[in-house]
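As a plain string of letters, each chain reads:
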Amino acid sequence: MRQNIIITLCTAALFSAVGCSKVVDPATGCVTFKLMNETEVIDITKSSVADFTSLPTAESFSIKVTDSQGNETAVEDISSSISLVAGNYRAGASFGSVSEEGFDKPCFSGYSDFTVSGGATVPVTINVKLANCIVRIATTEAFRNYFTDYDFTVTTGAGTAIAFPKSETRAAFVDAYLIKVKGTLTNQAGKTQTFNEVEYKNLAAASCYTVTFDVSNVGSTAISITFNDSVEDVALLDVELND
């Protein structure tokens, strides 16, 4: 799903045509921009970033333009009127940071290369997409019927620990390469158990991963964990609450 975030034309332009239309210097040109936000993520079921958090507005993005010499210009005000010297450029747009992990912390980024010709107006579209990935915890009805209480913790490759208590329904945004999952479960008899931390590698940006917990066919000594489309039985370990 693509969401158009328009920052072009007249007073709403990033590099506004107002004023630029009067430029007669053949060594300069005008640029207008449009952000195209790719919100769909790779998932077993079709999902969009908007299913898990609010999408940023155009004004929330940081826009920077870099010339062929590596000189960078940050655009602080999208209503500014800016002309560029003829040449080759790269425009980058970003929102958030992949190093900021947790709930409601999406990171979008993208760039577009373009050339400015003297006296011309150049329309540039920047395609931005999710730069981190989405991780969610799910439980089956059978699991919820057997375990009266439970909580999970997802630890990212950067060491960020994100708690998923029983009541948590949100998904977390994390840097896309590695997660570890652990948890504590209490069954109907009041027995508290845990399991050895499981690890999932090679996560990809702009993807949604679901870790689903279910009861196991091997009985009360294990649980079944599905990570997207892979399933494994994991042994349960008793927890001594007096330790």
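Here goes a summary of the coordinates provided. Just so it is clear, the structure is predicted and the values come from calculations on it, not from any experiment.

### Quick notes on the pairing of strand 16 (residues 178-187)
Counting buried residues in strand 16 gives 7 out of 10 residues, a clear majority hidden from the surface. Bridging between strand 16 and strand 18 (residues 198-201) involves 4 bridges; their strand directions are antiparallel. Note on strand 18: the bridge partner recorded for Lys 180 is Glu 199. Bridge count between strand 16 and strand 17 (residues 192-195): 3 bridges; the pairing is antiparallel. Bridge pairing links Thr 186 to Thr 192 in strand 17. The hairpin formed by strand 16 and strand 17 contains 4 residues between the paired strands, and Gly 190 there has a positive phi angle of roughly 85°.

### Considerations on the packing of aromatic side chains
How two aromatic rings sit relative to each other is set out by the distance from centre to centre and by the angle between their planes. If you walk through the whole model with that rule in mind, you get 14 aromatic pairs. Arranged with centres 6.0 Å apart and planes meeting at 45°, the rings of Phe 61 and Phe 95 form a pair that is tilted. Of this pair, Phe 61 sits in the loop between strand 4 (47-48) and strand 5 (62-67) while Phe 95 sits in strand 8 (residues 87-95); the two residues are 34 residues apart in sequence, bridging distant segments of the chain. Under the relative-accessibility criterion, Phe 95 is labelled partly exposed at 22%. For the ring pair Tyr 209 and Phe 227, a centre distance of 5.4 Å and an interplane angle of 0° mean the geometry is stacked. Residue Tyr 209 is located in strand 19 (residues 208-216), and its partner Phe 227 is located in strand 20 (residues 219-227); the two are separated by 18 residues in the primary sequence. The class for Tyr 209 is buried, based on a relative accessible area of 11%. Residue class for Phe 227 comes out buried when judged on its relative accessible area of 11%. Aromatic rings pair up to connect Phe 143, Tyr 146, Phe 147, Tyr 150, Phe 152, Phe 195 and Phe 213 into one cluster. The ring of Phe 103 carries Arg 170 above its face, with NZ or CZ at 4.1 Å from the centroid.

Reading the values: rules and limits
Residues numbered from 1 in each chain as written. Predicted model: local features only at pLDDT ≥ 70, side-chain atom pairs only at ≥ 80, totals over all residues. Heavy atoms only, no water. Buried < 20%, exposed > 50% of the residue type's maximum accessible area, 1.4 Å probe, protein only. Helix = DSSP H or I, 4+ residues; strand = E, 2+ residues; numbered from the N terminus. Pairing = 2+ DSSP bridges. Phe/Tyr/Trp six-rings, centres within 6.5 Å; stacked < 30°, edge-to-face > 60°. Lys NZ or Arg CZ within 6 Å of the ring centre and 35° of its normal.

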